[in-house]
Amino acid sequence: MMNPEKAQELTGFQSGGTSPFGSKTLIPVVISQDAMPREHVYINAGGQGFVVRITPADAQRATDAKVADIAAD
């Protein structure tokens, strides 16, 4: 996770509204493998409180995300 200042510099989004979609600079995106079997996920869409409902597979394709075991027990 980036600190809020670096995230805003790279993406153009304020902290709390950082989205993997439409950022100024391409940044690596990782999706939790626990999210992949779900029907839909909700991901920030560029503004605080603005989210998009999307299938995990579509989110992965749209962001060229890697899938990894990132959730803590």
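What you see is a predicted model, and the numbers here were worked out from it, not measured in a lab.

## A short note on the environment of Thr11
Here's step 1: Summarising the element assignment, Thr11 is placed in helix α1 (residues 4–11).
Here's step 2: In sequence terms Thr11 and Glu39 are 28 residues apart; their C-alpha atoms lie 28 Å from each other.
Here's step 3: The contacts of Thr11, once residues within four sequence positions are left out, are Thr18, Ser23, Lys24 and Ile27.
Here's step 4: One polar contact links the side chain of Thr11 to the main-chain carbonyl oxygen of Ala7, over a distance of 2.6 Å.

## Remarks on the nonpolar core
Here's step 1: Within the largest apolar cluster, 8 residues are counted, these being Val29, Ile31, Ala35, Val41, Ile43, Ile54, Ala59 and Ala65.
Here's step 2: Apart from the residues within four sequence positions on either side, Ala35 is in contact with Val41 and Pro56.

## Here's the deal with the side chain of Thr63
Here's step 1: Examined against the element boundaries, Thr63 turns out to sit in helix α2 (residues 56–63).
Here's step 2: If sequence neighbours within four positions are ignored, Thr63 has contacts with Pro20, Phe21 and Val29.

Rules of the game
- Residues numbered from 1 in each chain as written.
- Predicted model: local features only at pLDDT ≥ 70, side-chain atom pairs only at ≥ 80, totals over all residues.
- Heavy atoms only, no water.
- Helix = DSSP H or I, 4+ residues; strand = E, 2+ residues; numbered from the N terminus.
- Contact = heavy atoms within 4.5 Å.
- Polar contact = N/O pair within 3.5 Å; in protein donor to acceptor, adjacent residues only side chain to side chain.
- Core = buried A, V, L, I, M, F, W, Y, C linked by side-chain atoms within 4.5 Å.
- Buried < 20%, exposed > 50% of the residue type's maximum accessible area, 1.4 Å probe, protein only.

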